[in-house]
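In case you want the letters, here they are:
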Amino acid sequence: MKIKRRDFVKILTLGGVLSEQFLTGESLAKNSNGLVDIFSGNSNSQVMSENIEKIYNQAIVHDGLVIARNWNEDSFEALKNSGYTGFNASIDTGNLANALKNLEEWQNRIKENPNRLVLATSAEDFIQAKKEKRVAVMLGFQNSNIIENSIENLNTLYQAGTRWMQLTYNERNLLGDGCTERTNAGLSDFGIEAVERMNELGIIIDLSHCGMQTTDDGIKFSKMGASINHSMCEALYKNHPRAKSDEQIKAMADKGGVMGIISLGYMIGPNLGEETTLETYVDHIEHAVKVGGIEHVGLASDFAIQGLKASGATRENWYVPRLTRFKPSYKVQWPPWIPELDTTDRYLHVARLLDKRGYSTGDIEKILGQNWLRYFRETLKS
């Protein structure tokens, strides 16, 4: 059996999750043990529904962004129940010194919990974590203001474990404009220089909170595919500064990037629990797939691993502060969650609904994590 390079890259991203059947020419069609041909797109809906939990447990499951502050034993317990293979840890920023301190704290946490965590600096670390029933943690930041005014600080951050970084948060920094900035100037010359150096080092470029022009510039000037690791579709939620247009989703996908659909309910649509439900969330997945292709869409939470309610979010400590932290265009709601996504098994609920809507095993697995794995293989240097 001849193997096309594209299919060979796909099968490599699965590592130990699949057997050697593909390389030896045996069919990967679904059999009595629940194995499925991930390339054929064929599925038996009834059988799939009966086996979706098993499929989920066998899959690579990756969360594009978990808020990693205040990590404790409850976080570990939630992680154990999540079925995650890995996640992008969003570490507190502030300035370079604070960023390095928080990186060291997470490095120590991983070293102190070798039976539970793996430091992720390559795609292979996720495969290793899956085999060993651990969870791979990729360290990064939601604001590049931590490089301050020196490109050399990117080297320091990389050496300390950083493997992904958002170019801007909501406001303007030295690299460019964020999504709620009054202006829409895009990347500065310094920002373009930072993108070039991040490409050279192998630091993933994230555009989730970037302004419209900064997003366009990030995709354009990055030699590798940029990610939008926690966002949603502007076509389905109009006039929200955090949403990405169809043109941006397609441009990102054309260069190999991945968009993680954010699980934070108020980002998905208005009137949570009425107009906006788990169905709405999967609508965003489907729209992104339609625009960017099945290989360029993933999942992301943008809150603590336990979920917002379980981690102690209340109207007073979560909602009220955001009314002043964020501009009215953010349309913050209380409660901010979609109930099925505010649980530790949030993505099992997503997998079940994707199955109900007729997605094949292979496509569900791609959305759960294989797309992220392929992307990490293409962008990370080590």
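Now for a look at the structure at hand. Values in this document were obtained by computation on a predicted structure and should not be read as measured data. Each chain carries its own residue numbering, running from 1 in the written order of its sequence. Local features in a predicted model are, by the rule used here, given only for residues with pLDDT of at least 70; side-chain atom pairs are given and counted only at 80 or more, and totals for whole chains, interfaces and linings are based on all residues. Values shown for side chains rest on all heavy atoms present in the structure; no hydrogens or waters enter the calculation.

Looking at the nonpolar core
Remark: nonpolar core denotes a set of buried residues (Ala, Val, Leu, Ile, Met, Phe, Trp, Tyr, Cys) joined through side-chain atoms within 4.5 Å. In this scheme, a residue with accessible area under 20% of its type's maximum is buried, one over 50% is exposed, and one in between is partly exposed, where area comes from a 1.4 Å probe on protein chains only. By size, the foremost hydrophobic cluster in this structure holds 97 residues, and its most contacted members are Phe87, Trp106, Tyr281, Ile285 and Val350. Ranked by residues supplied to this core, first place goes to helix α11 (residues 278-292) with seven residues. Excluding anything up to four places from it in sequence, Ile285 contacts Ile261, Val297, Leu299, Val350, Leu354 and Ile367. Core analysis: the second largest hydrophobic core is formed by 19 residues, Ile67, Ala120, Ile204 and Tyr375 among them. Strands are runs of DSSP state E lasting at least two residues, helices are runs of H or I lasting at least four, and both sets are numbered from the N terminus onward. By definition, residues are in contact when any of their heavy atoms lie within 4.5 Å.

Some thoughts on helix α10 (residues 246-254)
Within α10, the full set of buried residues consists of Gln248, Ile249, Met252 and Ala253. One side of α10 carries all its buried residues, which in axial view fall inside an arc of 130 degrees. Those residues of α10 that are exposed and angled more than 90 degrees off the buried face are Glu247 and Asp254. It is the directions from the helix axis to the C-beta atoms whose arc is reported.

So, the pattern of salt bridges
One side-chain nitrogen of Lys or Arg within 4 Å of one carboxyl oxygen of Asp or Glu is enough to make a salt bridge. Summed over all chains, the structure comprises 15 salt bridges. Here Glu279 ties to Arg357 by a salt bridge, and the two come within 2.6 Å at their closest N and O atoms. Here Arg357 lies in the loop between α13 (346-356) and α14 (361-379) and Glu279 lies in helix α11, a separation of 78 residues in the sequence. Residue classification places Glu279 among the partly exposed residues on the basis of a relative accessible area of 36%. Under the relative-accessibility criterion, Arg357 is labelled partly exposed at 26%. Across the pair Arg357 and Glu286 runs a salt bridge whose closest N-O atoms are separated by 2.9 Å. Of the two residues, Arg357 is situated in the loop between α13 and α14 and Glu286 in helix α11; the sequence distance between them amounts to 71 residues. Because the salt bridges share partners, they merge into one network encompassing Glu279, Asp283, Glu286 and Arg357.

Regarding the environment of Ile110
Along the chain, Ile110 falls in helix α5 (residues 96-112). Relative accessible area serves as the criterion here: at 8%, Ile110 is assigned to the buried category. Placed 26 residues apart in sequence, Ile110 and Ala136 show a C-alpha to C-alpha distance of 9.4 Å. Excluding residues within four positions of it along the chain, Ile110 makes contact with Leu117, Val118, Leu119 and Val137.

Section: the pairing of strand β1 (residues 62-67)
Counting buried positions along β1 gives six out of six residues, so the element sits mostly inside the fold. If DSSP finds at least two bridges between two strands, the strands pair. Two strands pair when backbone bridges link them, and β1 and strand β2 (residues 86-91) are joined in this way by four bridges, in the parallel orientation. Looking at the pairing, His62 lines up with Gly86 of β2. If you view a crossover with the strands going away from you and the path from the first strand over the helix to the second runs clockwise, you call it right-handed. In the classification by handedness, the crossover that spans β1, the intervening helix α4 (residues 73-82) and the parallel β2 is right-handed.

Re the pairing of strand β7 (residues 228-233)
Counted residue by residue, β7 has six buried out of six residues, so it is predominantly covered. Sheet topology places β7 next to strand β9 (residues 259-262); two bridges connect them, and they run parallel. Of the residues in β9, the one forming a bridge with Ile228 is Met259. In this sheet, strand β8 (residues 243-244) lies alongside β7 in parallel orientation, the contact comprising two bridges. By the bridge assignment, Cys233 is partnered in β8 with Lys244.

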